[in-house]
Amino acid sequence: MKKLKFAVRVLIFFVVPATFSQALFAQGYGEELTFQGVENMTLQSAGSRAAGGISIGVKNDIGLMFQNPATLPSIGSLQISIGGLHFANDLNQEQNYAPVRYYPNLSLLLEGRTGNIPNPDSSLFGFTAQDTVQRPYDNIGPNWSRSGSDNRPLEAMLAVPISLGSIKLAAGVGAVRYANLDNYYQNNNVLSPGILSQRPLPTLRPTDDNPLSVEWLQSVRSREGYINGYGFSLAGNVEKYHVSFGFSAMLLRGNSDDYEQSVGRGNLTFFSNAFRIDSVYSRISKTGTSDFTGQEFTLSSILSGRYVSIGFAVKPPTTINRTFSMQVATDTTGSPSLSAISGEDKLRLPWRGTVGISLTPKENLLVGLEYDFRPYNSVRYVAPDGTETSPWLSASLFRVGVEFRVTSWLALRGGMRGQAEVFQSEGNKIEGDPVKYTVYSTGFGIFYSGLRLNVAYENSLMKYQDVWSSEISKNSERRYAIIADLSYAIPRIW
């Protein structure tokens, strides 16, 4: 037992604390673009989004035909609808370092603060790495920020009711924005290999006879694009049993502009008690496009009561395919060379869906609660070489919303819904728990004759920290959205 304790102490002494690892499922850095952004699936109904994204109990809203097609029989006449949104976001990353044991100046280098240290007197010291102040060869700092905004169409739909005896049917067609593929991530202090990592195992301390060479890089990835859905919905209501069923199907088509860049900042060589930085010239840029294809189906049902309604909507497993092509510019000598890469990969999504309940204590008041089930740990990514991995994390989220009819022509709405990314923060205390945050929403509906105008405002703040033994990266993204849709119900004349 004493020998075991002694061995553990020796191991702890010679293993340097963790600083720069990339755990499985973490946001990471230097990660290639594959299906980033596909998880940002869009809710099309402005009225639903103003009330936290609920659908059970919501009536006369054809914007829900792909989210919950069982709501479609509530329309009373032929309807057409168009909608769009304004979106803006602010991204930030702030890195904070502490001295690393055996290499106290490493934190100053990565923070870009070694300019405050004077050069040592060369007449008193030699010229080893330990006697020299290591300085960066560029002016890239550790922190960055980015802002953006866009105006986008959201949906165009048409639906019509049909009566067959005691069964009320409704059919609809539409084109919608299925997913927002925009994705951006940057890290100005990437070390490759990820030295000083805790996962899966710590890195042994190097020696003067066996130093460790590490690349120091800036990594950027960016994607801008979308996936549209084109499909139909069919639903029916059996009035005798107050139950409705719905089915929808969509063809998915989309594309994105992709960009990846890696800039060499230096080569680091670590000895037992010091490190040295050597200048490098390296820039690798990938510019290209991705084309996405697939399909999605939705099955749903709602049991309606006077005061209480319950329902569900599920989406069966499906596959989204990506075809990509990129031009690669490699410059390590000052004379860039060009090459091309292309291929196909796919993402297999599992069963997923929502279940919910709505309460109508008064005719003019609706309160809804829904549970959003996303078993994304069952997602399978198939690489171009056929290798399968499970890169996403699961999340179970709630949606809560309220609609209050102030008058016959005005409805006020408010709510909140949980949102989750498909990755976890580095150094996460609960392994496998993804980054989560809350989307707060409010809005109103105005009704005049056959016209319906729904407006929603959403605000969210995603914050998470990548925690290493001697560094914390504070990441945040503030998102704003204004969503509006306008529909017209053509009065029935038969």
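A few points on the structure. Small disclaimer: the values here were computed from a predicted structure and weren't measured. Each chain has its residues counted from 1, running along the sequence as written. At least 70 in pLDDT is required for a residue's local features to be given in this predicted model, at least 80 for side-chain atom pairs to be given and counted, and no such filter applies to totals for whole chains, interfaces and linings, which use all residues. Excluding hydrogens and water, the side-chain figures rest on all heavy atoms present in the structure.

With that out of the way, let us pick up the pattern of salt bridges. Salt bridge, as used here, is a side-chain nitrogen of Lys or Arg placed within 4 Å of a carboxyl oxygen of Asp or Glu. This structure, assessed with the given rule, holds 20 salt bridges. Note that Glu458 and Arg49 form a salt bridge whose closest N and O atoms lie 2.8 Å from each other. Residue Glu458 is found in strand β19 (residues 451-467), and its partner Arg49 is found in helix α2 (residues 46-50); the two are separated by 409 residues along the sequence. Of the two residues, Glu458 and Arg49, neither departs from the other in class, the shared state being buried. In this structure, Asp433 and Lys436 form a salt bridge, with 3.8 Å as the shortest nitrogen-oxygen distance. Burial here depends on accessible area, computed with a 1.4 Å probe over protein chains only, as a share of the maximum for the residue type. Under 20% is buried, over 50% is exposed, and the range in between is partly exposed. Looking at Asp433, the relative accessible area reads 29%, which means it is partly exposed. One salt-bridge network, held together by shared partners, links Arg49, Arg417 and Glu458. Only DSSP runs of H or I covering at least 4 residues are called helices, and only runs of E covering at least 2 are called strands; the numbering of each starts at the N terminus.

Glancing now at the side chain of Ser441. Counting through the fold element by element, Ser441 comes out in strand β18 (residues 436-448). For this analysis, a polar contact is any N or O atom pair within 3.5 Å, provided that within protein one partner can donate a hydrogen and the other can accept it, and provided that sequence-adjacent residues contribute only side-chain to side-chain pairs. Reaching out from Ser441, the side chain makes a polar contact with the backbone oxygen of Arg49 at a distance of 2.9 Å. Polar contacts involving the side chain of Ser441 include one to the main-chain carbonyl oxygen of Ala50, which spans 3.1 Å. Between two residues, a contact is recorded if the distance between any of their heavy atoms is within 4.5 Å. Once residues within four sequence positions are removed from consideration, Ser441 is found in contact with Arg49, Ala50, Ala51, Gly52, Gly414, Gly415, Met416, Tyr457 and Glu458.

Glancing now at the nonpolar core. Buried Ala, Val, Leu, Ile, Met, Phe, Trp, Tyr and Cys residues form a nonpolar core when they are joined through side-chain atoms within 4.5 Å. Residues Val38, Ile227, Leu347 and Trp392 are the most contacted members of the largest nonpolar core, which totals 28 residues. Elements with a minimum of two residues in this core: β2 (144-164), β3 (167-180), β5 (212-238), β6 (243-270) and β11 (337-349). With four residues, the top contributor of residues to this core is β3. In contact with Val38, other than residues within four places in its own chain, are Ala179, Leu181, Ile227, Phe292, Ile320, Leu347 and Trp392.

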